[in-house]
Amino acid sequence: IAASALFVSACATRPSTALTASSLDLGKSAEGDPCRANRTDDDPTLQNKFDASFVMTCRSVTASRSVGTIRSVVDGPAAMSGIERTLSCGQSSPVSVGVLQGLARRCYDSFLHSDAVVIVAKGPDRSIVGSAAPALVQPLERGMLALAGAPVEPQSAVRPSVNVEQ
């Protein structure tokens, strides 16, 4: 009976369906270009088989390369160590991304080979980590909300919570 109760309680906390999606619609960039996040299995920073990674692209001159990443990692010892090894960051500031609370930093992201805004938001059992070029904070936040299971429409206004000028 105890084992079946454990199984039922585990099923009661369903993760976001976005975690199993092959791609996410992130709306449009500030320039009006459509952005998507596509699942990747080639992310060496992930530590757990239940982690998920998506790379962001936006239709424009940068369409041939990734302009951001959105990762969902199961919390645990050293869960963030692989991601942190790819970042060289300044100080963090508290931010709100819709219903999520987190910390934002300006970083150099060696995975993207560029400067980035990095946002880490904690959930009950996993962290959502977004990293993108400063001009793409809105699509980044939209993807983070989707992976957290928070409702957000692709075209709805998500005001950037990060001051990208600092």
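Residues numbered from 1 in each chain as written. Predicted model: local features only at pLDDT ≥ 70, side-chain atom pairs only at ≥ 80, totals over all residues. Heavy atoms only, no water.

1. Observations concerning the state of the cysteines
For step 1, the next point in the chain: For the coordinates displayed, the defined rule picks out 2 disulfides.
For step 2, the next point in the chain: Across the disulfide from C35 sits C58; the S-S distance is 2.0 Å. Taking the sign of the S-S torsion, about 105° here, the bridge from C35 to C58 comes out right-handed. Of this pair, C35 sits in strand β2 (residues 34-39) while C58 is found in strand β3 (residues 52-58), placing the two residues 23 residues apart along the sequence. The same class applies to C35 and to C58, which are both buried.
For step 3, the next point in the chain: A sulfur-sulfur separation of 2.0 Å characterises the disulfide bridge that pairs C89 with C107. Where C89 bonds to C107 through sulfur, the torsion about that S-S bond is close to 105°, and the disulfide is right-handed. Taken together, the residues span a long stretch of sequence, with C89 in strand β5 (residues 87-89) and C107 in strand β7 (residues 100-109) at a distance of 18 residues. (Disulfide = S-S within 2.5 Å. Helix = DSSP H or I, 4+ residues; strand = E, 2+ residues; numbered from the N terminus. Buried < 20%, exposed > 50% of the residue type's maximum accessible area, 1.4 Å probe, protein only.)

2. Thoughts on the side chain of D43
For step 1, the next point in the chain: Turning to its location among the elements, D43 is positioned in the loop between β2 and β3.
For step 2, the next point in the chain: Since its relative accessible area comes to 7%, D43 is described here as buried.
For step 3, the next point in the chain: Only 2.6 Å separates the side chain of D43 from the side chain of R71, close enough to count as a polar contact.
For step 4, the next point in the chain: In this view, D43 contacts S53, R71 and F111; residues no more than four positions away in its chain are not counted. (Polar contact = N/O pair within 3.5 Å; in protein donor to acceptor, adjacent residues only side chain to side chain. Contact = heavy atoms within 4.5 Å.)

3. Some words on the nonpolar core
For step 1, the next point in the chain: With 29 residues, the main nonpolar core has L24, M56, I70, I119 and L147 as its most contacted residues.
For step 2, the next point in the chain: At the level of elements, β1 (23-28), β2, β3, β6 (93-97), β7, β8 (114-122), β9 (126-132) and α3 (137-147) are the ones that each hand at least two residues to this core.
For step 3, the next point in the chain: Counting residues in each nonpolar core, the second largest holds 9 residues, with V73, M80, I83 and L87 among its members. (Core = buried A, V, L, I, M, F, W, Y, C linked by side-chain atoms within 4.5 Å.)

4. A word on the environment of P34
For step 1, the next point in the chain: Within the secondary structure, P34 is located in strand β2.
For step 2, the next point in the chain: Assessed through its relative accessible area of 32%, P34 is described here as partly exposed.
For step 3, the next point in the chain: For the pair formed by P34 and C58, sequence separation is 24 residues and the distance between their alpha carbons is 5.6 Å.
For step 4, the next point in the chain: Ignoring anything within four residues of it in the chain, the contact list for P34 reads G27, K28, T57, C58 and R59.

5. What about the packing of aromatic side chains?
For step 1, the next point in the chain: Under the criterion given, the structure shown has 0 aromatic pairs.
For step 2, the next point in the chain: Positioned over the ring face of F111 is R71, at 4.8 Å from the centre of the ring. (Phe/Tyr/Trp six-rings, centres within 6.5 Å; stacked < 30°, edge-to-face > 60°. Lys NZ or Arg CZ within 6 Å of the ring centre and 35° of its normal.)

6. Notes on α3
For step 1, the next point in the chain: For α3, a buried count of 9 out of 11 residues is recorded, marking the element as mostly surrounded by other parts of the structure.
For step 2, the next point in the chain: Within α3, the full set of buried residues consists of V137, P139, L140, E141, R142, G143, M144, L145 and L147.
For step 3, the next point in the chain: Among the residues trailing α3, G149 stands out with phi positive, at a value near 85°.

7. A look at the pattern of salt bridges
For step 1, the next point in the chain: For the structure on display, the rule yields 3 salt bridges.
For step 2, the next point in the chain: The residue R71 makes a salt bridge to D43 at a minimum N-O spacing of 2.6 Å. Taken together, the positions of R71 in strand β4 (residues 68-74) and D43 in the loop between β2 and β3 put the pair 28 residues apart, joining distant regions of the chain. When sorted by exposure, R71 lands in the same class as D43, which is buried.
For step 3, the next point in the chain: A salt bridge links K122 to D75, with the nearest nitrogen and oxygen atoms 3.9 Å apart. Within this pair, whereas K122 is found in strand β8, its partner D75 is found in the loop between β4 and α2 (81-84), the two being separated by 47 residues in sequence. (Salt bridge = Lys/Arg side-chain N within 4 Å of Asp/Glu carboxyl O.)

So far we have only geometry, and geometry alone does not tell us how the molecule works.
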